[in-house]
Amino acid sequence: MFDIKKIKADFPIFKASKEATLHYLDSAASSQTPECVISAMDEYYRNFRSNVHRGAYALSEKASESYEGARGIVAEFIGASENEIIFTAGATASANMLAYSFEQSLDLKEGDEIVVSIMEHHAILLPLQELARRKKLNLKYINVDENYRLDYKSVESLITERTKIVGITLASNVTGAINDVSYISQIARKMGALVVVDATAAMGHIPVSVKELDCDAMFFSGHKMCGPTGIGALYINGELGEKLNPSFFGGGIVTDVDLEKAEFVSAPEKFEAGTPNISGAIGMAEAVKYLTEIGLENIKKRTEELTSYTIEKLKEIDGVKIFAEQDVEKNVGIVSFTVEGAHPHDVIEFLGRDNVAVRGGHHCALPFVKALGVPATVRASIYLYNIKEDVDALISSVKKAQEFFKK
């Protein structure tokens, strides 16, 4: 049973907002953090603060056990094995690490191809652009149709025998659209291409399985799924993980070092040089436990209801144009829109005065927003702690903003 009062009470930020009700509709930028996550991280710092994999004393053993336990929890969450989960600083760090490892380890020749969608967040788009530039690869794009959905008809012709990497977002952080990644993976497999999935906007909102997606690598951040900032997870399937060399070097990843070379340990440790974000991993695992207990299907259903209500109410306002996946079963809870006569940055500042927290801009997906024909959008993003009153506050404030900017 989805108990919204209990869920809302789990998040300290809403208790702290005493002077005015906080209508937080910016979870696609960063979600709020429940008390259980904060407490789990606090326990590490208060009771067993020490490094991992280095000491034989009780504190270090407890830290190592908790850190590796976190890896197991995150692995189970996406249907992976523990040795396939690498903790990183977040989605951007994951994508960059992966791109550099590909450059060092794959047989990439001039004229080979990388295929990505035009929806991609800069976190994956820019590393792959740079990889293509350095190795003189052809970068090809899956475009969108008139409904802002991927043009699936073009996929089969875009992915060829020269395609080595396909990068695809599981859900757009602009329109909320959930993409059919498994279909794209099927085509990529026929051509022998690797499939890399950016699951950041979807993780914690819908069930995600690396097996169902049939991907070789996938990454996501903790801070968009009720976890802390500065932590993310990179999945690399076992066979590929052993094949790839690390792209980030330092202590803790070697079996031997001499003055000329080093020999590396197996994955995932070979990708985690230096002291990791121990408390972040513990916090991320606690967020996974929290979301699992509530149930991702329950979260998805709740989000669908509020997304539908948001779209319905925005459609009633003349001069508002919606850029969102309107089949809410295929939307992770994101509704982008513009208000005629006002720049999105001005709109979000106006809304902020009413304590309505939304984001305005190109959402680090500039090619996609350009394809939509606008310089920027206002983005409302819905998550498990939102209620109908948050949407009502958004609608009321948008109407006031519209009147204000008409003057």
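Conventions and cut-offs
Residues numbered from 1 in each chain as written. Predicted model: local features only at pLDDT ≥ 70, side-chain atom pairs only at ≥ 80, totals over all residues. Heavy atoms only, no water. Pairing = 2+ DSSP bridges. Helix = DSSP H or I, 4+ residues; strand = E, 2+ residues; numbered from the N terminus. Axes fitted to C-alpha atoms, helices over the stretch in contact; angles between N-to-C directions. Contact = heavy atoms within 4.5 Å. Buried < 20%, exposed > 50% of the residue type's maximum accessible area, 1.4 Å probe, protein only. Salt bridge = Lys/Arg side-chain N within 4 Å of Asp/Glu carboxyl O. Parallel < 35°, antiparallel > 145°, perpendicular 65-115°, else oblique. Left-handed = near helix turned anticlockwise from the far one by under 90°. Nonpolar A, V, L, I, M, F, W, Y, C, P; charged D, E, K, R; others polar. Arc of directions from axis to C-beta. Lys, Arg positive; Asp, Glu negative; His and termini not counted. Polar contact = N/O pair within 3.5 Å; in protein donor to acceptor, adjacent residues only side chain to side chain. Phe/Tyr/Trp six-rings, centres within 6.5 Å; stacked < 30°, edge-to-face > 60°. Lys NZ or Arg CZ within 6 Å of the ring centre and 35° of its normal.

### Let's talk about the sheet that holds strand 11 (residues 320–323)
Strand order across the open sheet formed by four strands is 11-12-15-14, with antiparallel pairing between neighbours. For this open sheet the edge positions go to strand 11 and strand 14 (359–361), each flanked by a neighbour on one side alone. Direction aside, the axes of adjacent strands within the sheet are offset by 30° on average. Summarising the sheet, strand 12 (residues 334–339) and strand 15 (residues 377–381) pair through four bridges and their orientation is antiparallel. Across the sheet, V335 pairs through a bridge with A380, a residue of strand 15. Strand contacts of helix 12 (residues 296–315): strand 11 and strand 12, with the helix running at about 15° to strand 12, the strand carrying the most contacts.

### Side note on the pairing of strand 8 (residues 232–236)
On any regular strand, side chains alternate: one points to one face of the sheet, the next to the other face. Most of strand 8 is tucked away, with five of its five residues classed as buried. Neither face of strand 8 is open: one carries G232, L234 and I236, the other A233 and Y235, and all of them are buried. Direction of pairing for strand 7 (residues 217–221) relative to strand 8: antiparallel, over a ladder of five bridges. Of the residues in strand 8, the one forming a bridge with F219 is L234.

### Re the pattern of salt bridges
Here the structure, examined in full by the defined rule, presents 20 salt bridges. Ionic pairing is found between D354 and K400, a salt bridge with its closest N-O pair at 3.2 Å. Of the two residues, D354 is situated in the loop between helix 13 (344–353) and strand 13 (356–357) and K400 in helix 15 (residues 388–406); the sequence distance between them amounts to 46 residues. Residue classification places D354 among the partly exposed residues on the basis of a relative accessible area of 28%. By relative accessible area, K400 is classed as partly exposed at 41%. One network of salt bridges, with partners in common, ties together E68, R71 and E272.

### Remarks on the packing of helix 3 (residues 35–47) against helix 11 (residues 278–294)
It is the contact of helix 3 with helix 11, at a shortest axis distance of 8 Å, that shows an interaxial angle of 150°. With respect to each other, helix 3 and helix 11 are oriented roughly antiparallel. Helix 3 and helix 11 meet at a crossing whose hand is right-handed. Residues C36, V37, A40, M41, Y44 and Y45 of helix 3 pack against I278, S279, G280, I282, G283, E286, A287 and Y290 of helix 11. In the contact of helix 3 with helix 11, the residues fall into 10 nonpolar, three polar and one charged.

### Observations regarding helix 13
The complete set of buried residues in helix 13 reads P344, V347, F350 and L351. Take helix 13 and look down its axis: the buried residues cluster within an arc of 120°, on one side only. Lining the buried residues of helix 13 we find strand 12, strand 13, strand 15 and helix 15. Looking one or two places after helix 13, you find N355, whose phi comes out positive at around 65°.

### Some remarks on the sheet that holds strand 8
Strand order in the open sheet formed by seven strands is 2-8-7-6-5-3-4, and the pairing between neighbours is mixed. A strand with exactly one partner marks an edge of an open sheet, and here the two such strands are strand 2 (85–88) and strand 4 (138–142). Across the sheet, the mean angle from the axis of one strand to that of its neighbour is 20°, orientation sign disregarded. Taken together, the five bridges between strand 5 (residues 163–169) and strand 6 (residues 194–198) define a ladder with parallel strand orientation. Note on strand 6: the bridge partner recorded for T169 is D198. Along the sheet, helix 8 (residues 181–190) contacts strand 4, strand 5 and strand 6; its crossing angle with strand 5, the most-contacted strand, is approximately 180°.

### Some thoughts on the side chain of K270
Relative to the elements of secondary structure, K270 occurs in the loop between strand 10 (262–264) and helix 11. No salt bridge is formed by the buried K270. Its closest oppositely charged neighbour is E242, at 4.6 Å. Among the polar contacts made by the side chain of K270, one reaches the main-chain carbonyl oxygen of G241 at a distance of 3.0 Å. For K270, the side chain forms a polar contact with the main-chain oxygen of L244, separated by 2.6 Å. For K270, the residues in contact, after removing those within four places along its chain, are G241, E242, L244, P246, I253, F264 and V265.

### So, the packing of aromatic side chains
Taken as a whole and judged by the stated rule, the model has 14 aromatic pairs. With centroids separated by 5.4 Å and ring planes inclined at 55°, the aromatic side chains of F14 and Y385 adopt a geometry described as tilted. Of this pair, F14 sits in helix 2 (residues 12–16) while Y385 sits in the loop between strand 15 and helix 15, and the two are 371 residues apart along the sequence. Note on Y385: relative accessible area 0%, which makes it buried. The interplanar angle of 80° and the centroid separation of 6.0 Å between the aromatic rings of Y152 and Y183 together place this pair among those described as edge-to-face. Here Y183 lies in helix 8 and Y152 lies in the loop between strand 4 and helix 7 (155–158), a separation of 31 residues in the sequence. The partly exposed category is assigned to Y152, whose relative accessible area is 26%. Connected via pairs of aromatic rings, a cluster forms that spans F11, F14, Y290, Y383 and Y385. Lying over the aromatic face of F14, K8 brings its terminal NZ or CZ to 4.4 Å of the ring centre.

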